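Each chain, written out:
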Amino acid sequence: MTLFGKKDKYQIIVFQTYGTQSHFYTRGRALEDENIDLEQKGILNLLVNFYKRFETDEVVNTSILTNLGDGTSISGKTDDEGYFLIDKQMDALSGLANEEGWVNFEIAFTDFDLKREILNKNKFPGEMLIPSPEASFGVISDIDDTILHTGVVSSLKWKVAINTIFKRATKRMALEGASDFYHRLHRGNTGTEANPIFYVSHSPWNLYRYLELFLKTNNFPKGPILLRSMSSFRSRNKTDGLPEKQREILNILKTYPKLSFILIGDSGEKDGDIYQEIAGQFPKQVKAIYLRIVTDSKRMLRIKNLFANFKDIPFLIVEKTEDAITHAKEHGFIS
């Protein structure tokens, strides 16, 4: 967006992703900087921020370069929506990871014909998670109405819109006890593990920084945040016909075939159906399923019927976080 003849600077938003010791994988988006202040107050300012978040000016079909800490460089290019994906087989990436498994790197524009000022001296930090080989399990969690009060089951989704538009990320309410439960899962039964946490949502990438700030403000364990593009809302032409969220979860399980996962979601949307289908495909990798109760009797009845004969994998409909903590202790997931 250009205001009074002054052109916005270019920036690269690098999404937190995940990989392996031999597989570098990162995603992000190149955009004009709309100067969105996530701490800004006032209804008008929040409306303006919401508009800026979705009325994006992308930097399309431009070259970028990823620089790793060992001097390795990987070239890439943005697509016609400004997104980029860098997916490369490599050696010895684990040597670049910290004790929690995070690999730090930087991405920069390399097309110097852009003729636009670039933020941060053209250095944009990114992080990729390599789960520790000592991890006992991983956690794949939904966000909306699983850890964040959203209102996805409200009529016409009006609560979702109001909460997203008129509430700052720092003022959004986390479900009671959820942060503590996730830290316990992260630490595992020994209390010293670094079990990876993956956050997966139907929300668009436009809300990435908003959700990232929510997780940080509410002290959730850091983990990859996996969303979807706006174009995926308009198109269901994928050859497999699966929702984006389901494809993301399947990709995580295939990336870490030796790691089992606890799946956490809510009873309001399709989490139960997706998780049950995944458990049928990967029974050895699904360690347990937790589904949060929602205030919709028809949806709850459907979920109870759906899981009525689900006996092979630990499953719990969660009314309060304390119930999930007790269940996790009984099954040896946490201490």
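Predicted model, so just to flag it, every value in this text is computed and none were measured.

### Some remarks on the pairing of strand β7 (residues 102-109)
Argument step 1. Taken across its eight residues, β7 has six buried, putting it largely inside the fold.
Argument step 2. Examined bridge by bridge, strand β4 (residues 63-68) and β7 share five bridges and lie antiparallel to one another. By the bridge assignment, Leu68 is partnered in β7 with Phe105.
Argument step 3. Alignment of β7 against strand β8 (residues 124-129), held across six bridges, turns out to be antiparallel. In the strand pairing of β8, Asn104 is matched with Glu127.

### Focus on the pattern of salt bridges
Argument step 1. Following the criterion strictly, the structure yields 10 salt bridges and no others.
Argument step 2. Each of Asp142, Lys245 and Asp271 takes part in one network of salt bridges that share partners.

### A word on the environment of Phe137
Argument step 1. Following the sequence through the fold, Phe137 ends up in the loop between β8 and β9 (138-141).
Argument step 2. Relative accessible area serves as the criterion here: at 2%, Phe137 is assigned to the buried category.
Argument step 3. When the C-alpha atoms of Phe137 and Ile197 are compared, they prove to be 9.4 Å apart, with 60 residues separating the residues in sequence.
Argument step 4. Discounting chain neighbours no more than four positions away, the residues touching Phe137 are Leu185, Asn195, Pro196, Leu259, Ser260, Ile262, Lys287 and Phe333.

### Examining the confidence of the model for the protein
Argument step 1. Mean pLDDT over the protein works out to 86, with 84% of the residues at or above the 70 mark.
Argument step 2. In this model residues 152-158 is a low-confidence stretch, pLDDT under 50, and it forms 12 contacts with partners more than four residues away in sequence or in other chains.

What counts as what
Throughout this document, residue positions are counted from 1 along each chain, in the order its sequence is written. With the structure being a predicted model, the display of local features is reserved for residues of pLDDT at least 70 and the display and counting of side-chain atom pairs for 80 or more, all residues being used for whole-chain, interface and lining totals. Computation of side-chain values covers all heavy atoms of the structure but excludes hydrogens and water. Type-normalised accessible area, obtained with a 1.4 Å probe on protein chains alone, sets the label of each residue: buried when under 20%, exposed when over 50%, and partly exposed for intermediate values. Strands here mean DSSP runs of E at least two residues long; helices mean DSSP runs of H or I at least four residues long; both are numbered from the N terminus. Think of it this way: DSSP has to see at least two bridges between two strands before they count as a pair. Salt bridge, as used here, is a side-chain nitrogen of Lys or Arg placed within 4 Å of a carboxyl oxygen of Asp or Glu. Residues are treated as being in contact if the distance between any of their heavy atoms lies within 4.5 Å. Confidence of the predictor at the level of single residues is captured by pLDDT, which takes values from 0 to 100.

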